[in-house]
Amino acid sequence: MTPQPPPPSRQAPGQPSAAAALPTTPASLLPLVLAAMAHTPDARLRQLMASLTTHLHRFVLDNAVTEAEFERAVQFLIGLGQNTGEHKNEVILAADLLGVSTLVALMNNPAGGPGAADAASHAALLGPFWRRDAPVCARGESIARGDTPGTPLQVSGTVHGSDGAPLAGATVDVWQASPVGLYENQDPTQPDMNLRGRFLTDAQGRYELRTVLPAGYPVPTDGPCGELLQAQRRHPFRPAHLHFMVSHPAHKVLVTQVFADDAQTLASDPVFGVTAPLVGRFERFEQDGQPHARLSHDLHLSAGACVFPHPPIP
Ligand code: BEZ
Ligand code: FE
C-alpha cells in the first residue's frame, strides 16, 4: 500500500499552535520523535524503538557528536552492509566485536535455567560462519574431508535433556576452522562443507566424531571491523575452538563453543565468547609415534521451543 500523508492539522481555538510541535533546541527534539513513534501498534517494537532512540539522542548530546563524526559512523554502517553477502557477514561480526552477541547469548541462556534438573550448558555466540544443512554423518565419522592436514582429534560426549537424562535423537551440528585458521567457505582449497557435520545421538544420548585439532584464527579484518580493531589497538585472534549447535524437537536449540585449554588468547577473545565451563578438557597422547588428541564434552539442553537461528551465510 502506498503511504498517504495525513490530513493537514487544523489549529483548534485555544489549542497550542503548530509551532509548539517544532523543535527549538537540540534537547527539544527527542520528545517530538518519541511522540511520532508513540502509536506503533506492536507494543514491543514501540518500547524497543523508544528506548533505542532515547539512548541514541543522549549519546549524541552527551558526546557533542560532530557532523564529521556522524558522517564517519554512517560510512561505517554502509561498510557493514557492503561487506555482508555469501561469504561473510560483517554485520554479525560488528555485533560480536562489541560484545553484544555474547551479551544476548548469556542473557537468554542462563546456565541451569528454569526447569533444568541439571545445569544447562553455557551458550556462546553463533559467529558469522554457521551453514545450514551440513552433511549428516554416521557415528564416529570424520568431518575432515579431502586431505585436511592436522592432529587427529576424537570428540565424544553425551547430550542431556532438560530433565538431566541422556537424550536420544538429538542432532549435534559441529563446525570449525581448519588448522590454517580458515573456514571452508573462506578458503577455495578446502572441499565444500569441510569440517562441518551433523551427528545424531544414540539411544544412550551419545555422539562421537573425528576431526583435526582446530587452530586459533583472526576474525576477518579486511572490512570496516578490521579498521575498527586496528584503531582500538585490539588483536583479532580467536582462541582455537569447535562450534556446536545441539537441537532436539522438545528442547531449546543450544548454540555453543568449546575452546582448546592451551589456546593462547583464551583471556582476550576479540568477541568475548570464552566462559570457564566452555574451556574443554583436551587430552593429548601419542599413537604410532604421532600426536593425537581426545575431547570428552557433554552437552546439556534446556526446555524451550526448537527454533533455529537464521544462517549468517547461505
Ligand atoms: C567464529 O567463531 O566463527 C567467529 C565468531 C565471531 C567472529 C568471527 C568468527
Ligand atoms: Fe569460529
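Residues numbered from 1 in each chain as written. Chains lettered and ligands numbered in written order. Predicted model: local features only at pLDDT ≥ 70, side-chain atom pairs only at ≥ 80, totals over all residues. Heavy atoms only, no water.

Once that is clear, we can look at the packing of helix H4 (residues 90-97) against helix H6 (residues 224-231). For the pair H4 and H6, interaxial distance at closest approach is 9 Å and the crossing angle is 25°. Judged by the angle between their axes, H4 and H6 are roughly parallel. Residues Glu90, Leu93, Ala94 and Leu97 of H4 form the contact with H6, whose own contacting residues are Pro224, Cys225, Gly226 and Leu229. When grouped by side-chain class, the residues that make up the contact of H4 with H6 number six nonpolar, one polar and one charged. (Axes fitted to C-alpha atoms, helices over the stretch in contact; angles between N-to-C directions. Helix = DSSP H or I, 4+ residues; strand = E, 2+ residues; numbered from the N terminus. Parallel < 35°, antiparallel > 145°, perpendicular 65-115°, else oblique. Contact = heavy atoms within 4.5 Å. Nonpolar A, V, L, I, M, F, W, Y, C, P; charged D, E, K, R; others polar.)

Okay, the confidence of the model for the protein next. Confidence along the protein averages 92 in pLDDT terms, with 93% of residues attaining 70 or more. Throughout residues 113-118 the model reports pLDDT below 50, and contacts reaching past four residues in sequence, or to other chains, amount to 10 contacts. (pLDDT = per-residue confidence, 0-100.)

Right, let's get into H6. Regarding H6, the residues found buried are Pro224, Cys225, Gly226 and Leu229. Against the buried residues of H6 lie helix H3 (67-82) and H4. Arg233 sits one or two positions beyond H6 and adopts a positive phi of about 55°. (Buried < 20%, exposed > 50% of the residue type's maximum accessible area, 1.4 Å probe, protein only.)

The domains assigned to the protein are domain 1 (29-82) and domain 2 (90-300). In this assembly, four residues from domain 1 lie in contact with seven residues from domain 2. Across the domain 1/domain 2 interface, buried area totals approximately 430 Å², and carbon plus sulfur atoms make up 77% of it. Counting the surface domain 1 buries against domain 2, the share from its top three residues, Arg72, Phe76 and Leu80, is 87%. Joining domain 1 to domain 2, the criterion identifies one salt bridge. With a shortest N-O distance of 3.2 Å, Arg72 and Glu227 are connected by a salt bridge. (Domains from an automatic or database assignment. Buried area = accessible area lost by both parts, 1.4 Å probe. Salt bridge = Lys/Arg side-chain N within 4 Å of Asp/Glu carboxyl O.)

Taken as a whole and judged by the stated rule, the model has one cavity of 30 Å³ or more. By volume, the largest cavity is sized at about 100 Å³. Surrounding the largest cavity, 16 residues form its lining, Asp96, Gly127, Pro128, Tyr217 and Arg238 being those nearest its centre. Looking at side-chain class alone, the lining of the largest cavity contains 11 nonpolar, three polar and two charged residues. (1 Å grid on protein atoms, 1.4 Å probe; cavity = no way out; pocket = protein on both sides within 12 Å on 5 of 7 lines; lining within 4 Å. Points joined across faces, edges and corners; volume = space filled by probe spheres on them.)

Moving on, we get to the packing of H3 against H6. One way to put it is that H3 packs onto H6 with a least axis distance of 9 Å and a crossing angle of 130°. The angle between the axes of H3 and H6 places the two elements in the oblique class. Along its contact with H3, which presents Arg72, Phe76, Gly79 and Leu80, the element H6 presents Pro224, Cys225, Glu227 and Leu228. For the contact of H3 with H6, the per-class residue count stands at five nonpolar, one polar and two charged.

Reading across the sheet, the five strands line up as E1-E4-E3-E8-E9 and stay open at both edges, with mixed pairing between neighbours. Each of the sheet's edge strands pairs with one partner strand only, and the pair in question is strand E1 (136-137) and strand E9 (254-259). Pairing of strand E8 (residues 241-247) with E9 involves six bridges; the strand directions are antiparallel. By the bridge assignment for E9, Val246 is matched with Leu254. (Pairing = 2+ DSSP bridges.)

Close to ligand 1 lie Leu93, Asp96, Gly127, Pro128, Phe129, Tyr183, Tyr217, Val219, Arg238, His241, His243 and Val271, which account for all nearby residues. Contact between ligand 1 and Tyr217: an oxygen atom at 2.6 Å from a side-chain N or O atom of the residue. Computed on the free molecule, ligand 1 has an accessible area of 260 Å², of which 100% lies beneath the protein chains in the complex. Cavity membership is defined here by more than half of the atoms lying within 2 Å of grid points; on that basis ligand 1 lies in the largest cavity. Across the shell around ligand 1, the residue classes break down as seven nonpolar, three polar and two charged. (Near = heavy atom within 4 Å. Polar contact = N/O pair within 3.5 Å; in protein donor to acceptor, adjacent residues only side chain to side chain. Areas by Shrake-Rupley, 256 points an atom, 1.4 Å probe, with all protein chains shown as cover. Sits in = over half its atoms within 2 Å of the grid points.)

Take the nonpolar core next. Core analysis: the largest hydrophobic core is formed by 30 residues, its most contacted members being Leu153, Val155, Val159, Tyr207, Phe244 and Val246. Mapped by element, the contributors of at least two residues to this core are strand E2 (152-160), strand E3 (171-175), strand E5 (206-212), E8, E9 and strand E11 (290-296). Among all residues touching Leu153, those that are not within four sequence positions of it are Leu209, Arg210, Thr211, Val212, Leu213, Pro214, Leu242, Phe282, Ala293, Arg294 and Leu295. Residues Leu126, Trp130, Met245 and Val255 belong to the second largest nonpolar core, which totals 11 residues. (Core = buried A, V, L, I, M, F, W, Y, C linked by side-chain atoms within 4.5 Å.)

Further remarks concern the environment of Pro152. Looking at where Pro152 falls in the secondary structure, it is placed in strand E2. Remark: the alpha-carbon pair of Pro152 and Thr25, spanning 127 residues in sequence, is separated by 66 Å. If near-sequence neighbours (up to four positions away) are discounted, Pro152 is found in contact with Thr211, Val212, Pro291, His292 and Ala293.

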